[in-house]
Amino acid sequence: MDFDRRDILLSAAAALVAGSSGAARAATGRPFGYAIVGLGQYGLKTIIPQFANCAHSRLAAVVSGDPAKAARVAAEHGLPASAIYSYETFDTIRNNPDVDIVYVCLPNSMHAEYTIRAARAGKHVMCEKPMAISVAECEAMIAACKTAKRKLMIGYRCHFEATNLEAIRLASSGAIGKLRYVRSEHGFVMRDPSLWRLKRALSGGGSLMDIGIYALQASRYLTGEEPVAVYARESTDRSDPRFTEVEDMIDFTLEFPSGVMAGCYSMYSANQNRVLVMGDKGRVELEPATRYAGNRMWTGRDGREQEVTPPATPHKTQFAGQLDHLVQCVRTGNEPIVSGEEGLRDMRIIEAIYRSAREGRRIQLGAKA
Ligand code: NAD
């Protein structure tokens, strides 16, 4: 189906803003219970505290390979011992009616397995980005959720973040004229060579899979278009012990049907978090663009530079917006605005970017990419 993603994003945001809309009517009943799989940096430190900001979501269970940590987290959050699972006992979560949704916060190579096991256990799934480490895995995850008649959403939190939503609105409103190009740089300095992020079997790839995916996402949601071709080059010092298995820096250009080009850099060797959308009448700039908090934006037109304060979102934080959105989708039967298909689209492009860098040539993407 052909659609304009920006319209979907903006109408989803508008529905949330309009408190008396269908979204609000559907907001009745008990909060839905989430099981967090993987009590690492993101699951434990970032997501679990966000349930305090949610209107429709709560923590219902934890899944961890570390029994002591799981017991401590459960106790801190008032969960009974029956709400603690190991990776081995995970499938028995099917018998826990308190758990509606499983949130997969594991290394990338484990996303497919836990999404599929969760769907088979009758649970809806929120899966972290990148959705998986291959197109084939993404397709298997979508199929498993479809067979089980469960929702699948990818943790693309920026679709609920005020600055990015305002940038989408401005870019699609004509405020900066006809779009010409997007530029995005996303990176951080990877310091620990022992991390799973640097092991290909667990990560599926380097900075592109981890942080470059934000530049790819931004290029797609700010243009509302699907790229038709990619061209990529890689720069990695293979003598650096951090980068024996995965790439450090990758520079990729996406070509869109309207003629817009997106030039993106992704890296593990510099701190950068920036998006620029350039139109023939002006520009929108975000820096930082996709952080957990503190993102800022500016517009430039007719020689005037102006910082923009985006309108507040109806949710307290982007994370709460993301968590509650899936609950509302389960209640209403709507597809999440960042569904499994959205994660699959990115993975098709990521595979083409890697192929382009490897083969040193422009890769054309299929109509459905
Ligand atoms: P992390 O290393 O801090 O946590 C990973 C968790 O998985 C740990 O609890 C670890 O014990 C567990 N684990 C189970 N099996 C493992 C294995 N074989 N090797 C390593 N760890 C194993 O990682 P993280 O930063 O929490 O990232 C988890 C996922 O969340 C990744 O997919 C990442 O891309 C995603 N993430 C998303 C965002 C975002 O803003 N959306 C931010 C950070 C991370």
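Residues numbered from 1 in each chain as written. Predicted model: local features only at pLDDT ≥ 70, side-chain atom pairs only at ≥ 80, totals over all residues. Heavy atoms only, no water.

A word on the site of the ligand
Put simply, the rule reads: Summary of the distance rule: residues count as near a molecule or strand when at least one heavy atom falls within 4 Å of that molecule or strand. Here a polar contact means two N or O atoms within 3.5 Å. Within protein one must be a hydrogen donor candidate and the other an acceptor candidate, and residues neighboring in sequence count only if both atoms are side-chain atoms. For the accessible areas, the method is Shrake-Rupley and the probe is 1.4 Å, while residue cover comes only from the protein chains on display. Cavity and pocket criteria rest on a 1 Å grid covering protein atoms alone: a 1.4 Å probe that fits but cannot get out defines a cavity, protein on both sides within 12 Å along at least 5 of 7 lines defines an open pocket, and an atom within 4 Å of a point defines a lining residue. A molecule is counted as occupying a cavity or pocket when more than half of its atoms fall within 2 Å of that pocket's grid points. Polar here means any residue other than Ala, Val, Leu, Ile, Met, Phe, Trp, Tyr, Cys and Pro, which are nonpolar, and Asp, Glu, Lys and Arg, which are charged; Gly is therefore polar. Just so you know, the domain bounds were taken from an automatic or database domain assignment.
Around the ligand, 22 residues are found, and the nearest of them are Q41, N108, K129, R157 and W196. Contact between the ligand and G40: an oxygen atom at 3.1 Å from a main-chain N or O atom of the residue. Measuring from an oxygen atom of the ligand, one finds a side-chain N or O atom of Y214 at 2.9 Å. Protein burial of the ligand: of its 830 Å² of free accessible surface, 77% is covered by the chains. Among the cavities detected, the one that contains the ligand is the largest pocket. Its residues assigned to classes, the shell around the ligand shows twelve nonpolar, six polar and four charged. Among the domains, domain 1 (5–157 + 321–338) and domain 2 (162–312 + 347–364) are the pair contributing at least three residues each to the shell around the ligand.

Quick look at the sheet that holds strand β2 (residues 57–63)
Convention followed: Being paired, for any two strands, means DSSP has found at least two bridges between them. A run of H or I in DSSP counts as a helix once it spans at least four residues, and a run of E counts as a strand once it spans at least two, with each numbered from the N terminus.
Strand order in this open sheet of six strands is β3-β2-β1-β4-β5-β6, and the pairing throughout is parallel. For this open sheet the edge positions go to β3 (84–85) and β6 (152–154), each flanked by a neighbour on one side alone. Where strand β5 (residues 124–127) meets β6, three bridges bridge the pair, whose relative direction is parallel. Across the sheet, residue V125 finds its bridge partner in β6, namely L152.

A closer look at the packing of helix α9 (residues 207–223) against helix α11 (residues 340–359)
The criterion, for reference: In this description, a line fitted to the C-alpha atoms serves as the axis of each element, helices being fitted only across the stretch in contact, and the angle between N-to-C directions of two axes falls anywhere from 0 to 180 degrees. Relative orientations are named as follows: roughly parallel for angles under 35 degrees, roughly antiparallel for angles over 145 degrees, roughly perpendicular for angles from 65 to 115 degrees, and oblique for any other angle. Take the far helix as your reference; a near helix turned counterclockwise from it by less than a right angle gives a left-handed crossing, and one turned clockwise gives a right-handed crossing. Note on contacts: a residue pair qualifies if any of its non-hydrogen atoms lie within 4.5 Å across the two residues.
Closest axis-to-axis distance for the α9/α11 pair is 11 Å, and the angle between their directions is 110°. Here α9 is positioned roughly perpendicular relative to α11, judged by the angle of their axes. For the pair α9 and α11, the sense of crossing is right-handed. Of the residues in α11, those touching α9 at L208, M209, I213, L216, Q217 and R220 are E342, R345, D346, M347, I349, I350, I353 and Y354.

Comments concerning the UniProt feature "domain: Gfo/Idh/MocA-like oxidoreductase C-terminal" (unreviewed entry) in the chain
To keep things clear, this is the line we draw: UniProt positions are given in the numbering used here, feature names are shortened, and annotations may be inferred rather than shown by experiment.
The UniProt feature table records "domain: Gfo/Idh/MocA-like oxidoreductase C-terminal" (unreviewed entry) at residues 173–365. As annotated, residues 173–365 comprises 30% helix and 28% strand, and the C-alpha atoms at either end are separated by 27 Å.

Notes on empty space enclosed by the protein
Applied cut-off: Grid points are joined across faces, edges and corners, and a volume is the space filled by probe spheres set on the points.
On inspection of all chains with the given rule, the structure shows one cavity of 30 Å³ or more. Forming the walls of the largest cavity are Y156, R157, C158, H159, I213, Y214, Q217 and Y221. For the lining of the largest cavity, the residue count by class is five nonpolar, two polar and one charged.

Some points on the domain arrangement of the chain
Quick note on the threshold: Note: buried area is the sum, over both parts, of the accessible area (probe 1.4 Å) each one loses when the two are combined. In the sections that follow, a salt bridge refers to a side-chain nitrogen of Lys or Arg positioned within 4 Å of a carboxyl oxygen of Asp or Glu.
Here the domain parsing of the chain yields domain 1 (5–157 + 321–338) and domain 2 (162–312 + 347–364). A separation of 26 Å is found between the C-alpha centroids of domain 1 and domain 2. Both faces combined, the contact of domain 1 with domain 2 buries some 2100 Å², and carbon together with sulfur accounts for 60% of it. In this assembly, domain 1 and domain 2 are joined by two salt bridges. Between E139 and R348 there is a salt bridge; the shortest N-O distance is 3.5 Å. At the boundary of domain 1 with domain 2, the tally comes to ten residue pairs in polar contact (both at pLDDT 80 or more). At the level of elements, α1 (5–17), α3 (41–47) and α6 (135–147) are the ones that each hand at least two residues to the side of domain 1 that touches domain 2. Class assignment for the residues of the side of domain 1 that touches domain 2 results in twelve nonpolar, four polar and five charged.

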